[in-house]
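Below, each chain spelled out in residue letters.
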2 protein chains.
Amino acid sequence: MKFYDCSTAPSPRRVRIFLAEKGISVPTVQVDLRNNEQMSPAFRAINPDATVPVLELDDGTRITDAVGICVYFEAIQPRPALMGETAEEKALIASWQRTAERNGLYAGMEALRNASPALKGRALPGPDSYEQIPALAERGRARISRFFAQMDARFSESEFVAGPRYSIADITTLVAVDFARWVKLSAPEECVHLRRWHAQVTARPSAKA
Amino acid sequence: MKFYDCSTAPSPRRVRIFLAEKGISVPTVQVDLRNNEQMSPAFRAINPDATVPVLELDDGTRITDAVGICVYFEAIQPRPALMGETAEEKALIASWQRTAERNGLYAGMEALRNASPALKGRALPGPDSYEQIPALAERGRARISRFFAQMDARFSESEFVAGPRYSIADITTLVAVDFARWVKLSAPEECVHLRRWHAQVTARPSAKA
């Protein structure tokens, strides 16, 4: 098994935290996104989509999506459960994970990719070139602010994102909140519940992954 | 149990097809999106995010995300498996499902919501108002064309989206391909593999759901 990672990027960090919570370690190869190694013929032979993370299984099968990789590890090592145990837990965790991804992580990517001079012509991840759309960067920033407010309201009534237990929904939310700093946005002082939760999950050893 | 649906909308269709494949029927309430019923105080008391589908369980818990709802039904009735049985199948299906969602369904939503006169000020689903971004509508159209090509290549080597068995990844892809018609895009003649697959999954009784 081999894990293609980039230690500075948010998408593979989702998997690294997930693995740290499970206590699983996997031989890892760093892909240098800053120097566009993901666009090299060598890496595109591994993942034509030119993105990390990628998990390569011993039979050569490659899983090229962060959540897909987490699904794999949840199935081979169910404990600690990070995607729920009962049907209701599984559904609520999946639902919150996706909410955090759409409203937090994707909003952050829109804000960064449509504004950063280093990402001109690369407004979406992957091999295809898309021009930056400044209005989309602005919309991304507005959405991040609303995401902070949404999650603050959630944490006023729930210890973790999807209920009383830490889950993959917390991982996505943590990565999204930390990623927002790349566009110089962070949870405002008045979001006391969000800040309480952020301090709590950041104190877990997995957050360093 | 109660399912909040809108018979003309793509997101709840994902769940309807999933349930039809499982042979499950659930008491259903239609929400009239054309007349903005999702924005009414009555519906926002059910889902503050003002979106369908919503599944309400007998204990009052509400699941407000299409894939989250599918996760629930897969857990309570595992057969036929639509999200995989082995760890590898589960991971590949999740990964392909998400690829089809990002590159197909979300691209279609960008194309429609940023151009349709009826959706002015509502470029994203949910209660918050976002102005249309014409460049994003154009980008959505370009992405749909690339999605058709990507899936055509996939179907040249695989019977179904994620391998030899029908799965939730086929459901998302079918809904995405059909939704593209709303912006007058359909698989070009030369996409023979995509068209073969589309005819095949459309012939399943579930496609009428």
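Residues numbered from 1 in each chain as written. Chains lettered and ligands numbered in written order. Predicted model: local features only at pLDDT ≥ 70, side-chain atom pairs only at ≥ 80, totals over all residues. Heavy atoms only, no water.

Caption draft 1: How the structure looks around the side chain of Glu74(A). Assignment of secondary structure puts Glu74(A) in helix H3 (residues 66–76). Contacts of Glu74(A), omitting those with residues within four sequence positions, involve Phe18(A), Lys22(A), Pro80(A), Ala81(A), Leu82(A), Met83(A) and Gly84(A). (Helix = DSSP H or I, 4+ residues; strand = E, 2+ residues; numbered from the N terminus. Contact = heavy atoms within 4.5 Å.)

Caption draft 2: Region of interest: unusual backbone geometry. At the junction of Val52(A) and Pro53(A), the peptide bond is cis and its omega measures out at 5° in the coordinates. Looking at the element boundaries, Pro53(A) is found in the loop between helix H2 (41–46) and strand E3 (54–56). Of note, the amide linkage connecting Arg79(B) to Pro80(B) takes the cis form, showing an omega dihedral of -10°. Inspection of the secondary structure assignment puts Pro80(B) in the loop between helix H3 (66–76) and helix H4 (87–113). The phi dihedral of Lys184(A) falls on the positive side, at around 60°, and the residue is not glycine. Residue placement: Lys184(A) occurs in the loop between helix H6 (168–180) and helix H7 (192–202).

Caption draft 3: Representation of the pairing of strand E1 (residues 2–5) of chain B. Residues and elements named next belong to chain B. The pairing of E1 with strand E3 (residues 54–56) spans three bridges and is classified as antiparallel. Pairing of Tyr4 across the sheet is with Val54, part of E3. Two elements, E1 and strand E2 (residues 28–30), share three bridges in a ladder whose sense is parallel. Each bridged residue has a counterpart across the sheet, and for Asp5 the counterpart in E2 is Gln30. Taken together, E1, helix H1 (residues 10–22) and E2 constitute a β-α-β crossover, and its handedness is right-handed. (Pairing = 2+ DSSP bridges. Right-handed = clockwise from strand over helix to strand, strands pointing away.)

Caption draft 4: Spatial organisation of the packing of H1(B) against H3(B). Residue and element names in this part refer to chain B. In contact at an axis separation of 9 Å, H1 and H3 are set at 15° when each is read in the N-to-C sense. Taken together, the axis directions place H1 and H3 in an arrangement best described as roughly parallel. As H1 runs across H3, the sense of the crossing is right-handed. Along its contact with H1, which presents Ser11, Arg14, Val15, Phe18, Leu19 and Lys22, the element H3 presents Ala66, Val67, Ile69, Cys70, Phe73 and Glu74. Looking at the contact of H1 with H3 residue by residue, the classes come out as eight nonpolar, one polar and three charged. (Axes fitted to C-alpha atoms, helices over the stretch in contact; angles between N-to-C directions. Parallel < 35°, antiparallel > 145°, perpendicular 65-115°, else oblique. Left-handed = near helix turned anticlockwise from the far one by under 90°. Nonpolar A, V, L, I, M, F, W, Y, C, P; charged D, E, K, R; others polar.)

Caption draft 5: A look at the sheet that holds strand E2 (residues 28–30) of chain A. Residues and elements named next belong to chain A. The strand order E2-E1-E3-E4 describes an open sheet built from four strands, whose pairing is mixed. Each having just a single partner strand, E2 and strand E4 (62–63) make up the two edges of the open sheet. Against the sheet, H3 makes contact with strand E1 (2–5), E3 and E4, and its axis sits at roughly 40° relative to E3, the strand it touches most.

Caption draft 6: Molecular detail of the interface of chain B and chain A. Across the boundary between the two partners, chain B contributes 41 residues, which contact 41 residues of chain A. Each partner contributes to the roughly 3,200 Å² buried at the junction of chain B and chain A, and carbon and sulfur atoms together form 59% of this total. Our count for the chain B to chain A interface comes out at eight salt bridges. We note a salt bridge from Glu101(A) to Arg98(B), for which the minimum N-O separation is 2.8 Å. Seen at the junction of chain B and chain A, the total is 12 residue pairs in polar contact (both at pLDDT 80 or more). The element best represented in the side of chain B that touches chain A is H4(B), accounting for 12 residues. Grouping the constituent residues of the side of chain B that touches chain A by class yields 19 nonpolar, eight polar and 14 charged. (Buried area = accessible area lost by both parts, 1.4 Å probe. Salt bridge = Lys/Arg side-chain N within 4 Å of Asp/Glu carboxyl O. Polar contact = N/O pair within 3.5 Å; in protein donor to acceptor, adjacent residues only side chain to side chain.)

It is worth stressing that arrangement in space is one thing and function is another; only the former is reported here.
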